[in-house]
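As a plain string of letters, each chain reads:
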Amino acid sequence: YGIVFIQEDYVSFLRNFTIEKTKTAVQGLTGNKGALCCRFDFKDTSICCVCAHLTAGQNKTLERSKDIAEILESTRFPNMLNNSKIADHDYIFWFGDLNWRIDLAYVEAVARIKYSDYDTLLESDQLLKLQSNPNPSTKVLPHFIEGTIKFAPTYKYDLGSEIYDTSELQRAPAWCDRILYRAEPGLKIDQLSYS
């Protein structure tokens, strides 16, 4: 879920609030994958928030990349001449269960977490690898920024505990829930916290 809070004194500056959804699973016909996007203008600034739930699975990086491309390509805000697509906005916030995984074995990932060796884990993070890829055709969410991760992965705990997946699957821990943002050149975003 995404909630946008606006101080009461500023409500009169809010215009053109629109919500659109884009489904990505099975050609957009079924499933719970996709995005809920809201856009609005605050004074003369356009803002878009994308709450996405991407394809799950350790080996589904291509599918997640396709989900993102489909959301960016398919989402349209009707009756908006200047900001009809996500990429048209001054500020974009992209967050949710993005399902990117760490390309390390379960045992190694858990050992790295035990010693707070997040740098090694981040070197194997699928999203960060795709964002730093020198090939522009395979980059994911270029120009989007994520705050510095200095906390343990939030996926996948045993139910009701802080113990990583002890099921027979032993899914490697990962940072699946993410927050990224992008500002048009000349504009900036100051992230105050990411934990």
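Here goes a summary of the coordinates provided. (Residues numbered from 1 in each chain as written. Predicted model: local features only at pLDDT ≥ 70, side-chain atom pairs only at ≥ 80, totals over all residues. Heavy atoms only, no water.)

So, the overall build of the chain
Inference 1: Looking only at helices and strands, one finds four helices and six strands in the chain.
Inference 2: At 18 Å, the chain has a C-alpha radius of gyration in line with the 16 Å of a compact globule built from 195 residues.
Inference 3: Once the C-alpha set of the chain is aligned to its principal axes, its extents read approximately 50 × 40 × 40 Å.
Inference 4: The buried share of the chain, taken over its 195 residues, is 39%.
Inference 5: Intrachain contacts of the chain at a sequence separation of at least 6 include 60% that bridge at least 24 residues.
Inference 6: Total accessible area computed for the chain in this model is approximately 11,700 Å², and 54% of it derives from carbon and sulfur atoms.
Inference 7: In the chain, 22 side chains carry a positive charge and 26 a negative one; their mean positions are 3 Å apart. (Helix = DSSP H or I, 4+ residues; strand = E, 2+ residues; numbered from the N terminus. Rg over C-alpha atoms; globule rule 2.2 N^0.38 Å. Buried < 20%, exposed > 50% of the residue type's maximum accessible area, 1.4 Å probe, protein only. Contact = heavy atoms within 4.5 Å. Areas by Shrake-Rupley, 256 points an atom, 1.4 Å probe, with all protein chains shown as cover. Lys, Arg positive; Asp, Glu negative; His and termini not counted. Charge placed at Lys NZ, Arg CZ, Asp CG, Glu CD.)

A few points about the nonpolar core
Inference 1: Counting residues in each nonpolar core, the largest one holds 21 residues, and the members touching the most others are Val-50, Ala-52, Ile-71, Ile-86, Trp-94 and Trp-100.
Inference 2: For this core, the secondary-structure elements that each account for two or more residues are strand E2 (34-42), strand E3 (45-53), helix H1 (61-74), strand E4 (91-97) and helix H4 (126-131).
Inference 3: Per-element accounting of this core gives the leading share, three residues, to E3.
Inference 4: In this structure, Ile-113, Leu-121, Ala-174 and Tyr-194 belong to the second largest nonpolar core, which totals 16 residues. (Core = buried A, V, L, I, M, F, W, Y, C linked by side-chain atoms within 4.5 Å.)

Section: unusual backbone geometry
Inference 1: Cis rather than trans, the peptide bond between Tyr-155 and Lys-156 has omega equal to 5°.
Inference 2: Notably, Asn-79 is not glycine yet its phi reads approximately 65°, a positive angle.
Inference 3: One can find Asn-79 in the loop between H1 and E4.
Inference 4: On the basis of relative accessible area, Asn-79 is assigned to the exposed category, the value being 77%.

Structural notes on H1
Inference 1: Relative to the 20 Å expected for 14 residues at 1.5 Å per residue, H1 spans 20 Å between its end C-alpha atoms, a close match to the ideal helical length.
Inference 2: Taken as a whole, H1 has its buried residues at Arg-64, Asp-67, Ile-68 and Ile-71. Buried residues along H1 cover an arc of 95° about the axis, so they all sit on one side. In H1, those exposed residues whose orientation departs by more than 90 degrees from the buried face are Leu-62, Lys-66 and Glu-73. (Expected span 1.5 Å × (residues − 1). Arc of directions from axis to C-beta.)

Topic: a nonpolar patch on the surface
Inference 1: On the surface, Phe-17, Ile-19 and Leu-36 cluster together into a nonpolar patch covering about 300 Å² of accessible area.
Inference 2: By the secondary structure assignment, Ile-19 is in strand E1 (residues 14-23). (Patch = residues over 30% accessible without salt bridge, like charges linked within 9 Å, V, L, I, M, F, W, Y side chains within 5 Å. Salt bridge = Lys/Arg side-chain N within 4 Å of Asp/Glu carboxyl O.)

Observations concerning the environment of Ala-69
Inference 1: Looking at the element boundaries, Ala-69 is found in helix H1.
Inference 2: On the basis of relative accessibility, which here comes to 43%, the residue Ala-69 falls in the partly exposed class.

Some remarks on the pairing of E3
Inference 1: Buried residues dominate E3, accounting for seven of its nine residues.
Inference 2: In this structure, E2 lies alongside E3, joined through nine bridges in antiparallel fashion. Following the sheet pairing, Leu-36 is matched in E3 by Cys-51.
Inference 3: As consecutive antiparallel partners, E2 and E3 are separated by two residues, and within that stretch Lys-43 has a phi angle of approximately 55°, a positive value.
Inference 4: As defined by bridge partners, E3 adjoins E4 across seven bridges and the pair is classed as parallel. Paired with Cys-48 across the two strands is Ile-92, which belongs to E4. (Pairing = 2+ DSSP bridges.)

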